[in-house]
Each structure stands twice: as structure tokens, then as C-alpha cells.
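# Coordinate analysis (summary)
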Amino acid sequence: MADRRTFNVVILGLGFLFIFTAFTTCGNVEQTVVKSLQNNTFTGSGYHSLGIIYGVFSFANLLAPTVVAVIGPKCTMFLSGLLYSGYIAVFIIPSTWSFYLTSVLIGIGAAMLWTAQGHFLVENSEASTINRNTGVFWALLQCSMLFGNLYIYFDWNGKTEISDSSRKNIFVSLLVTSVLGTLSFLVLRKSHHAEELLSEEEGQSLLSPRTMYKQRANSAVEDAKLEIRTMLQLLKTKTILLLSPCMAYSGLELSFYSGVYGTCIGATAQFGESAKGLIGISGIVVGIGEIVGGGLFGLLCKNNRFRRTSVVFLGLLVHFVAFYLIFLNIPDDAPVVFYTSSQSKPYLAPSVSIALLCSFLLGLGDSCFNTQLYSILGCVYAEQSAPAFAIFKFIQSVFAAVAFFYSGYILLKWQLLLMVILGFTGTLCFFVVEWVQNLSVDLPEY
């Protein structure tokens with residue numbers, strides 16, 4: 001039984017590794033790809049597509065638990081993987097309508113995929129193995145930022161324009177990778193616990209399968225309504241209100257490091273023929289920053305001398321240094337130019353080393369904020385963790401969507417200033433919550 005559960009966790013991690021190798025790479029380069037399309041009929045924007053994905057994802061999260069409860073996590077993940085693969089396939093023969101339609105569909109698929117993942121991981125874990133299984137899964141997932149971006153570097157290095165043949169080769173490869181990840185979900189086995197529940201349900205019920213599914217759906221809908229009511233109640237608490245600016249900031253910086261910054265590097269004319277290849281290297285270095293931060297702060301926070309506030313302050317400091325260096329190193333019009341490279345000149349002569357250092361700092365700082373937000377929510381809302389985490393993902397996704405929509409219109413300096421203001425405000429509010437948490441045992445009623 002233990003071997004079966006371990007097998008499931010490893011296959012789950014590998015499936016997500018393949019799917020998100022494709023999707024993360026796609027998100028990192030899609031605005032650059034869209035800009036290079038030799039197609040006068042295509043009018044889509046990579047920023048708008050990512051904004052739609054995160055916007056739909058934020059609201060679809062409210063309905064995803066019902067779908068998972070009715071059709072099961074394995075089937076849900078397989079169907080979601082097909083939606084991810086469909087989005088990747090659009091870039092092979094792009095059209096505006098299919099581009100935006102699949103953006104909506106993948107937003108729905110992402111909500112179902114992550115809800116099913118959490119359900120399946122818990123189903124295949126016990127109290128003694130949940131930390132190990134979570135670690136194995138996240139280690140495999142974080143590697144998704146490495147392989148696809150490495151391919152981008154080798155394929156695009158030395159190119160000033162992305163040809164149609166190069167684009168098709170890349171996205172066919174990413175599509176195959178995503179399909180392999182999707183098919184891997186079919187290999188997942190039912191856990192012993194799930195088999196016991198299923199056999200017990202079938203043994204006790206004389207109803208037809210259709211009636212059983214109907215009852216299961218009705219039960220899932222009631223559970224969803226209860227969770228939404230709980231979320232609305234938690235939204236009124238001062239703790240969630242105080243943490244909201246920090247959650248919102250995590251959404252803004254998520255959009256910046258995952259889609260905007262790579263585009264800025266690729267649009268920097270001073271990098272010459274290496275600019276497009278640097279997009280891939282930047283994505284890899286961001287991933288390294290995430291991996292280092294996740295591992296480092298997981299160890300530090302086991303030591304009582306390192307409080308959550310220390311890690312969040314470090315994250316803010318790291319991000320502020322990154323923003324200042326980006327302000328000096330990257331042209332101000334880099335996020336908004338479309339058909340050409342940047343026309344303006346930055347304050348410093350653009351340096352590849354500084355650009356990649358900023359990529360690492362963005363990943364490192366992001367891991368600071370995300371690990372500590374999960375930590376404080378899990379501590380404060382131990383009995384209501386699911387709706388609390390749902391609120392976090394909702395706020396984060398909404399602000400990521402908003403950021404993607406304005407990223408193509410606002411100069412770089414104003415985007416950085418907005419993140420500085422919200423990051424500083426969010427960190428102060430986080431400090432207040434942590435201070436109150438240290439004073440009060442019953443913080444949820446605060």
C-alpha cells in the first residue's frame with residue numbers, strides 16, 4: 001500500500017513537471033512570440049491572454065471542488081491536462097479567436113487541476129508522510145522552470161527575430177511534453193483508502209450509478225456552498241483584510257517575473273543577438289531562485305530564531321534591490337514596444353549579469369512571500385485552512401490578471417513603482433498580523 005502511494009506521488013509530480021515545463025515556458029515567451037508573428041490577421045496579446053487565464057482561474061476555483069468531487073481527481077487532472085495541451089497547440093497555427101478561447105478554457109482547467117492535485121496528494125498521504133510527499137511533488141514541479149527555458153536559450157540564442165519554423169518546432173516540442181504529462185495521469189492507481197470507500201459505497205447502495213452520481217453531485221454542491229459562506233465570513237475578519245495587500249502584491253510580482261520581465265529582456269536592443277536567448281536563461285535563473293528560497297526558508301523557519309517577519313522583510317529587501325537594478329538596467333519602454341526592440345536608453349549600459357542577477361532575486365523574493373503567506377494562514381486558520389488558502393489564491397490571481405492587462409500599456413518605471421508601494425504596504429500589514437498573532441492565541445476572532 002505504501003509503495004502504491006509513493007508511486008502515485010512520483011507519477012503525479014512527473015505529470016505536473018511535464019505539463020508545467022510546457023506551460024511555464026510558454027508563459028515566459030508568449031508575448032515575445034506574439035510580437036514576432038508574421039501574420040497580419042492575428043491581433044492577440046500575450047499579456048491579455050495571461051490576464052484572462054488568471055482572471056478565470058480566480059473565479060473557477062470556487063466551482064472546481066464540486067467537479068473534483070463528482071468525477072474524481074484522476075479524471076479531472078486528465079481533462080485539465082488536455083486543456084493545457086490545447087492552449088500550447090494554438091501557438092503552432094495561431095488565430096486570435098482560438099488564442100483567447102483556450103485562454104478561458106485553461107483558466108478553468110488550472111482551477112480543476114490544482115484542486116484535484118491537492119485532493120489526490122492528501123488521499124495518498126498519511127500524517128507521517130504528508131511532508132515528504134509534498135516535498136517530492138514540489139521538488140519535481142519546480143524543475144519545470146529549467147528544462148523548457150534551457151531549450152529556448154539554445155534555440156533562440158543569436159536570433160533577433162523568431163521565424164515561423166522556429167516557433168512551430170518549439171511549440172510542437174512543448175505540446176508533446178504536455179501530452180506526455182497528461183497521459184501520465186492515466187497511470188495513477190486508486191489508493192487503498194479510496195478503494196475501501198468506493199467498495200463500501202457500492203456495497204451499501206442498491207441505487208443505479210446515475211442516481212449515485214446525482215447524490216454525489218448534490219453533496220458536492222452543498223459542500224461548495226458551505227465553503228463559499230465560510231470564505232465570505234473569513235473575508236470580514238481583520239486578519240484577512242490586513243493580509244490582503246501582501247496577497248495582492250504576490251499577484252503583481254507573480255505576473256512580473258513570470259511574463260513581463262522575460263519580455264523586457266528580449267526587447268532590450270542593447271543585448272543584441274543574445275536578447276532572445278536570454279529570455280530562456282532568465283526563466284531558468286528565476287526557477288533557481290525559487291528552489292533555493294523554498295529550501296532555505298523551509299530549513300530556517302524550523303529554527304525559532306528566524307521568524308516569519310524576518311523572511312518577509314528579506315523578501316521585500318531582495319525585491320527592492322531587484323526593482324532598482326531593473327530600473328537602471330532595462331529600457332523604460334521594454335514592456336510596451338510591440339513590433340520593434342526598445343527605443344529608449346536605460347540609466348546604465350544594459351548588463352547581462354545584472355539582468356540575470358535580478359531574475360534570481362525575483363525568484364528568491366517570491367519564495368519568501370509565498371512560503372510565509374502559506375505559513376501564517378496555516379497557523380492562524382488551522383481549522384479553516386481550505387477556505388483561507390482559497391481566498392489567498394483568489395486575491396493573488398485577480399491581481400496577477402490585472403497586472404497582465406496593464407503591463408502592455410504602462411512604462412516599466414511605473415510598474416516597478418506600483419510594486420514598491422504595494423510591497424511596502426503589504427509587508428507592514430504582514431508585520432501587524434504577526435505581531436497580533438504573537439500576542440493573541442485566538443487570532444481568527446481578532
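Note that this is a predicted model, so its numbers are computed, not measured.

Another point: the overall build of the protein. Looking only at helices and strands, the protein features 16 helices and zero strands. Burial statistics for the protein: of 446 residues in total, 52% are counted as buried. Taking the intrachain contacts of the protein between residues at least 6 apart in sequence as the baseline, contacts between residues at least 24 apart amount to 84%. Working note: accessible area of the protein is about 19,700 Å², and carbon and sulfur atoms make up 67% of it.

Evaluation of the coordinates by the stated rule reveals three salt bridges. With a shortest N-O distance of 2.8 Å, Asp 164 and Arg 167 are connected by a salt bridge. Taken together, the residues Asp 164 and Arg 167, both in helix 8 (residues 164–184) and three residues apart, mark about one turn of the helix. You can call Asp 164 partly exposed: its relative accessible area is 28%.

Positionally, Gln 343 belongs in the loop between helix 13 (308–329) and helix 14 (352–380). You can call Gln 343 exposed: its relative accessible area is 60%.

Looking at where Asn 28 falls in the secondary structure, it is placed in helix 1 (residues 2–36). The residues contacting Asn 28, other than those within four sequence positions of it, are Asn 149, Ser 258, Gly 259, Gly 262, Thr 263, Ile 279 and Gly 283.

The subject of this paragraph is the environment of Ser 45. Relative to the helices and strands, Ser 45 resides in the loop between helix 1 and helix 2 (46–60). In this structure, the C-alpha to C-alpha distance between Ser 45 and Gln 31, residues 14 residues apart in sequence, is 6.6 Å. The residues touching Ser 45, leaving out its near neighbours within four places in the chain, are Gln 31, Val 34, Phe 99 and Tyr 100. A polar side-chain atom of Ser 45 sits 3.3 Å from the main-chain amide nitrogen of Tyr 47.

Another aspect to go through is the confidence of the model for the protein. Considering every residue of the protein, the mean pLDDT works out to 83; 86% of them sit at 70 or more. Scored below 50 in pLDDT, residues 441–446 makes twelve contacts in the model with residues more than four places away or belonging to other chains.

If you look at the biggest cluster of nonpolar residues, it comprises 107 residues, and the most contacted ones within it are Phe 16, Met 77, Phe 171, Phe 256, Tyr 261 and Ile 326. Considering every element that reaches this core, the biggest residue donor is helix 11 (residues 238–266), with 14 residues. Lining this core are residues from two domains, each supplying at least three of them: domain 1 (1–204) and domain 2 (237–439). Excluding residues that lie within four positions of it along the chain, Tyr 261 makes contacts with Phe 256, Ser 282, Ile 326, Ile 330, Ala 355, Cys 358, Ser 359 and Leu 362.

Glancing now at a nonpolar patch on the surface. Where nonpolar side chains cluster on the molecular surface, the patch consists of Trp 97, Leu 101, Val 104, Leu 105 and Ile 108 and spans about 450 Å² of accessible area. Mapping Leu 101 onto the fold places it in helix 5 (residues 96–123).

All right, on to the packing of aromatic side chains then. Counted according to the given criterion, the structure contains 24 aromatic pairs. Taking 5.8 Å as the distance between ring centres and 15° as the angle between the ring planes, the aromatic pair formed by Phe 16 and Phe 20 counts as stacked. Of this pair, Phe 16 and Phe 20 both sit in helix 1, separated by four residues, roughly a single helical turn. Here Phe 16 matches Phe 20 in class, with each residue buried. Ring geometry for Phe 91 and Phe 99: centres 5.5 Å apart, planes at 85°, overall edge-to-face. For the pair formed by Phe 91 and Phe 99, the shared burial category is buried. Over the ring of Phe 7 we find Arg 189; its NZ or CZ atom is 4.4 Å from the centre of that ring. Positioned above the aromatic ring of Phe 392, the side-chain terminus of Lys 393 is 6.0 Å from the ring centre.

So, on to the packing of helix 13 against helix 14. Running from N to C, helix 13 and helix 14 point in directions that differ by 155°, and their axes come no closer than 8 Å. Judged by the inter-axis angle, helix 13 sits roughly antiparallel to helix 14. The way helix 13 lies across helix 14 gives a crossing that is left-handed. The residue inventory of the contact of helix 13 with helix 14, partitioned by class, reads 20 nonpolar, six polar and two charged.

Next up on the list: the environment of Ser 80. Position of Ser 80 relative to the elements: it lies in helix 4 (residues 73–90). The exposure class of Ser 80 is buried, given its relative accessible area of 0%. Sequence separation between Ser 80 and Ala 116 is 36 residues, and the spatial gap between their C-alpha atoms is 9.6 Å. Beyond its immediate chain neighbours, meaning those up to four positions away, Ser 80 contacts Gly 109, Met 112 and Leu 113. A distance of 3.2 Å separates the side chain of Ser 80 from the backbone oxygen of Gly 109, its partner in a polar contact.

Parameters and conventions
Residues numbered from 1 in each chain as written. Predicted model: local features only at pLDDT ≥ 70, side-chain atom pairs only at ≥ 80, totals over all residues. Heavy atoms only, no water. Helix = DSSP H or I, 4+ residues; strand = E, 2+ residues; numbered from the N terminus. Buried < 20%, exposed > 50% of the residue type's maximum accessible area, 1.4 Å probe, protein only. Contact = heavy atoms within 4.5 Å. Areas by Shrake-Rupley, 256 points an atom, 1.4 Å probe, with all protein chains shown as cover. Salt bridge = Lys/Arg side-chain N within 4 Å of Asp/Glu carboxyl O. Polar contact = N/O pair within 3.5 Å; in protein donor to acceptor, adjacent residues only side chain to side chain. pLDDT = per-residue confidence, 0-100. Core = buried A, V, L, I, M, F, W, Y, C linked by side-chain atoms within 4.5 Å. Domains from an automatic or database assignment. Patch = residues over 30% accessible without salt bridge, like charges linked within 9 Å, V, L, I, M, F, W, Y side chains within 5 Å. Phe/Tyr/Trp six-rings, centres within 6.5 Å; stacked < 30°, edge-to-face > 60°. Lys NZ or Arg CZ within 6 Å of the ring centre and 35° of its normal. Axes fitted to C-alpha atoms, helices over the stretch in contact; angles between N-to-C directions. Parallel < 35°, antiparallel > 145°, perpendicular 65-115°, else oblique. Left-handed = near helix turned anticlockwise from the far one by under 90°. Nonpolar A, V, L, I, M, F, W, Y, C, P; charged D, E, K, R; others polar.

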